[in-house]
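# Reading the structure
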Amino acid sequence: RQGINSGAAYSPRGDGIALTMSFLGNPEIFLLDTGSREVTRLTKSFGVDVDPAFSPDGSKLAFVSTRSNQPMVFTAPISELKNNPQNASRLTFAGKYNATPSWSPSGKKIAFAGFIDSHFDIFIMNTDGTGLERLTKNEGSNEDPHFSPDGNYIVFSSNRSGLKKIYIISIDGAFTRQLAYDNLGN
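On a predicted model such as this, the values are computed, not experimentally measured, just so you know. (Residues numbered from 1 in each chain as written. Predicted model: local features only at pLDDT ≥ 70, side-chain atom pairs only at ≥ 80, totals over all residues. Heavy atoms only, no water.)

Inspection of the entire model under this criterion finds 7 salt bridges. Of the charged contacts in the structure, one is a salt bridge between Asp 117 and Arg 134, with a shortest N-O distance of 3.1 Å. Residue Asp 117 is located in the loop between β10 (109-116) and β11 (119-126), and its partner Arg 134 is located in strand β12 (residues 133-134); the two are separated by 17 residues in the primary sequence. By relative accessible area, Asp 117 is classed as partly exposed at 47%. Residue class for Arg 134 comes out partly exposed when judged on its relative accessible area of 26%. Of the charged contacts, one joins Asp 121 and Arg 134 as a salt bridge, the two residues approaching to 2.7 Å between their closest N and O atoms. Of this pair, Asp 121 sits in strand β11 while Arg 134 sits in strand β12; the two residues are 13 residues apart in sequence, bridging distant segments of the chain. In the salt-bridge network here, residues are joined through shared partners; they are Asp 117, Asp 121 and Arg 134. (Salt bridge = Lys/Arg side-chain N within 4 Å of Asp/Glu carboxyl O. Helix = DSSP H or I, 4+ residues; strand = E, 2+ residues; numbered from the N terminus. Buried < 20%, exposed > 50% of the residue type's maximum accessible area, 1.4 Å probe, protein only.)

On to the pairing of strand β9 (residues 97-103), then. Across the 7 residues of β9, 6 count as buried, placing the element largely inside the fold. Here β9 hands over to β10 after 5 residues, with Gly 107 in that stretch at a positive phi of 80 degrees. (Pairing = 2+ DSSP bridges.)

Using the criterion set out here, one finds 7 aromatic pairs in the structure. The interplanar angle of 35 degrees and the centroid separation of 5.0 Å between the aromatic rings of Phe 23 and Phe 30 together place this pair among those described as tilted. Geometrically, the ring pair formed by Tyr 97 and Phe 120 is edge-to-face, given 5.9 Å between the ring centres and 85 degrees between the ring planes. Placement of Tyr 97 in strand β9 and of Phe 120 in strand β11 is noted, with a sequence separation of 23 residues between them. Using a relative accessible area of 36% as the deciding quantity, one classes Tyr 97 as partly exposed. (Phe/Tyr/Trp six-rings, centres within 6.5 Å; stacked < 30°, edge-to-face > 60°.)

What follows concerns the sheet that holds strand β2 (residues 16-21). Adjacent strands of a sheet form backbone hydrogen bonds with each other and so pair up, either parallel or antiparallel. Across the sheet, 4 strands lie side by side as β1-β2-β3-β4; this open sheet has antiparallel pairing. With one partner strand each, in any of the chains shown, β1 (5-10) and β4 (39-41) form the two edges of the open sheet. Between one strand axis and the next, the sheet turns by 30 degrees as a mean value, whatever way the strands run. Two elements, strand β3 (residues 28-33) and β4, share 3 bridges in a ladder whose sense is antiparallel. Bridge pairing in β4 links Leu 32 to Val 39. (Axes fitted to C-alpha atoms, helices over the stretch in contact; angles between N-to-C directions.)

Counting buried positions over the 6 residues of strand β7 (residues 72-77) gives 5, a clear majority of the element. Taking the residues that link successive antiparallel strands as the turn, the strand β6 (residues 60-65)-β7 hairpin has 6 residues, and the phi of Asn 69 there is positive, at about 100 degrees. As paired elements, β7 and strand β8 (residues 89-90) share 2 bridges and run antiparallel to each other. Within β8, the position partnered with Thr 75 by the bridge is Ser 89.

The next subject is the sheet that holds β9. The strand order across the open sheet formed by 4 strands is β9-β10-β11-β12, and the pairing between neighbours is antiparallel. Each end of this open sheet is capped by a strand with a single partner; those strands are β9 and β12. Two elements, β11 and β12, share 2 bridges in a ladder whose sense is antiparallel. Paired with Phe 123 across the two strands is Arg 134, which belongs to β12.

The next thing to look at is the nonpolar core. In this structure, Ile 29, Leu 42, Phe 54, Leu 61 and Ile 78 are the most contacted members of the largest nonpolar core, which totals 13 residues. At 3 residues, β7 tops the list of elements feeding residues into this core. Each residue touching Leu 61, except ones within four places of it in the same chain, is listed here: Ala 18, Ile 29, Leu 42, Pro 52, Ala 53, Phe 54, Phe 74, Thr 75, Ala 76, Ile 78, Leu 81 and Trp 103. Among the nonpolar cores identified, the runner-up in size contains 10 residues, and Leu 91, Trp 103, Ile 110 and Met 125 belong to it. (Core = buried A, V, L, I, M, F, W, Y, C linked by side-chain atoms within 4.5 Å. Contact = heavy atoms within 4.5 Å.)

As structure tokens, then:
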């Protein structure tokens, strides 16, 4: 379609793809039915809506929106978004820019990258926005969190060694390990 087509995420059942499109003018999140290829508008705001992420059961969507001025994480049941594209709850209120929300396999936590103190860090919170914890701090810029299948770790990218590499961190922040190395063992 004309304009932006980005940030796609498959639904857990594989029958839909949530993505950002701007063919109506403003970047909004749409649901693309993989069978019929029909699109349903899920968000409607004056802001930019990006980074959709399905809950593990496929019933809810977390995304980033600038509808409150700065990019923050929002969530809503997909059924409610279909009926009222403006109906979403804001989960984050800290930092200047929150991005790339990711649901835990249990559906009880959301991880995201938040820009604070001049770099991105990895945060984790309950799905209602309570219990916010900062997992990384003063170790470069840390982005793109995703939970391990057992929910005990988060994999993310970081430039803490000078170049972007892949790391894992335990959900309590106590253990961090680099996973990807270059040919020199760095």
